[in-house]
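Inside the fold
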Amino acid sequence: MAIPVLAQDAGFSQFYSNPLYLNPAFAGTLGVPRVNLQYRDQWHALPNAYVTQSISFDIPSEKLKGAFGINLVKDAQAANLLTSFQADLMYSSIFKLTEGVYFSGALGAGYHQNSLNWNELVFADNLDRYTGNHGITAETPITDPRFQFADFSTGILVYGERFFTGFAAHHLAQPKVGWYEGSESGSRLLRRYTLHLGTRIPIYFQGHWRKTFDLSPQVVLMQQGQYRQFNYGMLANYRGFTAGTWMRQDLGFQYDAVVFLLGFMKKRWHITYSYDFTVSGLGAQSGGTSEISLSFLLKDFTQQTAFPFYRPYKDYIGEGY
């Protein structure tokens, strides 16, 4: 029996803890070198079902009026039975639109590799029904267990002290992927489109001259082929502590998960933990999903932006903030 199988790119719940994966136009937008580390373990009740790791680095260039970035991502499924690795380089051009508002446009190019451990696959003809052991199958082995391909992306971003919004497109050339070299059975890696926006709202409880905390509403929309994802949530920042809640659903209002987030931020670094509570049909049987990220800056950060996590707490008094 043959049935169609659909899938999409690996995703993170903490979108802005890995901004280069979300949109290459984030490269250099802080004005200082930045490193992001991220680890995601999806569905604890199924050990090593989906484990995704990433590391990224971006650095601005004053001479070029832009920035360079690199993003490395490894996604392992079924205890490393199927793994994918991608390395993406990107360049962004950044310039001022108006006082306090900037534009960033970026292009990215990358190398991707998918690997399948054929020897660990279990077929009907090599499975011992009594012991559960499996031997040699008569199935035709794949000819390209580590196929590779080039990939390209682009993105734009408009941002300032109170808001940011951007759009990104990944897999621009829609490269063909398949396990059999020269075969027509492969499929196209469909483009992934992302639209995201957010703002930062200062809250004053003790008069206009003393800020108490910040609220940051965020929205992220994604589409890849027939798959559509709608993410929206709110972050609150108080004296370096961050807490928030996100909802993840499709455009038909079928809910997938509620994401709870906690973090702590100092001048040059922040650490964040999030937990996805599954509310879809899979429910509590999934065991939920954990994600942890660590980001740090290599120089003191003074730029005023609305980006989540990248604004150390300061109690502004007498500055009209």
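A brief report on the enclosed structure follows.

What counts as what
Residues numbered from 1 in each chain as written. Predicted model: local features only at pLDDT ≥ 70, side-chain atom pairs only at ≥ 80, totals over all residues. Heavy atoms only, no water. Helix = DSSP H or I, 4+ residues; strand = E, 2+ residues; numbered from the N terminus. Buried < 20%, exposed > 50% of the residue type's maximum accessible area, 1.4 Å probe, protein only. Contact = heavy atoms within 4.5 Å. Salt bridge = Lys/Arg side-chain N within 4 Å of Asp/Glu carboxyl O. Pairing = 2+ DSSP bridges. Core = buried A, V, L, I, M, F, W, Y, C linked by side-chain atoms within 4.5 Å. Phe/Tyr/Trp six-rings, centres within 6.5 Å; stacked < 30°, edge-to-face > 60°. Lys NZ or Arg CZ within 6 Å of the ring centre and 35° of its normal. 1 Å grid on protein atoms, 1.4 Å probe; cavity = no way out; pocket = protein on both sides within 12 Å on 5 of 7 lines; lining within 4 Å. Points joined across faces, edges and corners; volume = space filled by probe spheres on them. Nonpolar A, V, L, I, M, F, W, Y, C, P; charged D, E, K, R; others polar.

Brief notes about the environment of Thr245
Looking at where Thr245 falls in the secondary structure, it is placed in strand S14 (residues 241–249). Residue classification places Thr245 among the partly exposed residues on the basis of a relative accessible area of 36%. Remark: the alpha-carbon pair of Thr245 and Thr98, spanning 147 residues in sequence, is separated by 33 Å. Once residues within four sequence positions are removed from consideration, Thr245 is found in contact with Tyr232, Gly233, Met234, Val258, Val259 and Phe260.

A closer look at the pattern of salt bridges
Applying the stated criterion across every chain, the model contains 10 salt bridges. Across the pair Arg40 and Asp276 runs a salt bridge, and its minimum N-O distance is 3.3 Å. You can see Arg40 sitting in strand S1 (residues 34–42) and its partner Asp276 sitting in strand S16 (residues 269–278), a full 236 residues away along the chain. Taken individually, Arg40 and Asp276 each receive the classification buried, so the pair is uniform in this respect. The residue Asp214 makes a salt bridge to Arg200 at a minimum N-O spacing of 3.4 Å. A residue pair is termed long-range when its members are at least 10 positions apart, and Asp214 in strand S12 (residues 213–224) and Arg200 in the loop between strand S10 (192–199) and strand S11 (201–203) qualify at 14 residues. A network of salt bridges, in which partner residues are shared, links Arg40, Arg248, Asp256, Asp276 and Glu291.

Describing the pairing of S14
For a regular strand, side-chain orientation follows a simple rule: the groups alternate between the two sheet faces. In the sheet, strand S13 (residues 227–238) pairs with S14 via 9 bridges, with the strands oriented antiparallel. Along S14, the bridge assignment pairs Asn237 with Thr242. Counted along the chain from S13 to the antiparallel partner S14, the turn is 2 residues long, and its residue Arg239 has a positive phi close to 50 degrees. Once S14 ends, the chain turns through 5 residues before running back antiparallel as strand S15 (residues 255–265), passing Phe253 with a positive phi of about 60 degrees.

Some words on the nonpolar core
Among the nonpolar cores identified, the biggest contains 28 residues, and Tyr16, Phe26 and Phe307 are the most heavily contacted of them. Where this core is concerned, the elements lending two or more residues are helix H1 (19–22), strand S4 (82–98), strand S6 (146–160), S12 and S15.

Brief notes about the packing of aromatic side chains
For the structure shown, the criterion picks out 18 aromatic pairs. An angle of 70 degrees between the planes, with centres 6.2 Å apart, marks the rings of Tyr16 and Phe26 as edge-to-face. Here Phe26 lies in the loop between H1 and S1 and Tyr16 lies in the segment before H1, a separation of 10 residues in the sequence. The burial state of Tyr16 is the same as that of Phe26; both residues are buried. Ring geometry for Trp118 versus Phe123: centroids 5.4 Å apart, planes at 40 degrees, classification tilted. By relative accessible area, which is 19% here, Trp118 ends up buried. A residue is classified by how much of its surface remains accessible, and Phe123, at 22% relative accessible area, is partly exposed. Taken together, Tyr16, Phe26, Tyr102, Tyr159, Phe164 and Phe307 form an aromatic cluster joined through their ring pairs. Seen from the ring of Tyr21, Arg192 lies directly overhead, with NZ or CZ sitting 5.1 Å from the centre.

Observations concerning the layout of surface pockets
Approximately 470 Å³ is the volume found for the second largest pocket. In terms of lining residues, the second largest pocket is bounded by 18 residues, among which Gly28, Gly31, Pro60, Glu62 and Gly66 are the most central. Among the secondary structure elements, those contributing two or more residues to the lining of the second largest pocket are strand S2 (50–61) and S4. In the lining of the second largest pocket, the residues fall into 8 nonpolar, 6 polar and 4 charged.

Re the pairing of strand S5 (residues 101–116)
Pairing between S4 and S5: 16 bridges, direction antiparallel. By the bridge assignment, Phe95 is partnered in S5 with Phe103. The loop that links S4 with its antiparallel partner S5 comprises 2 residues; one of these, Gly100, has a positive phi angle of about 85 degrees. In this structure, S5 lies alongside S6, joined through 15 bridges in antiparallel fashion. By the bridge assignment, Phe103 is partnered in S6 with Val158.

Section: the environment of Val158
Note that Val158 resides in strand S6. Separated by 54 residues in sequence, Val158 and Ser104 place their C-alpha atoms 6.4 Å apart.

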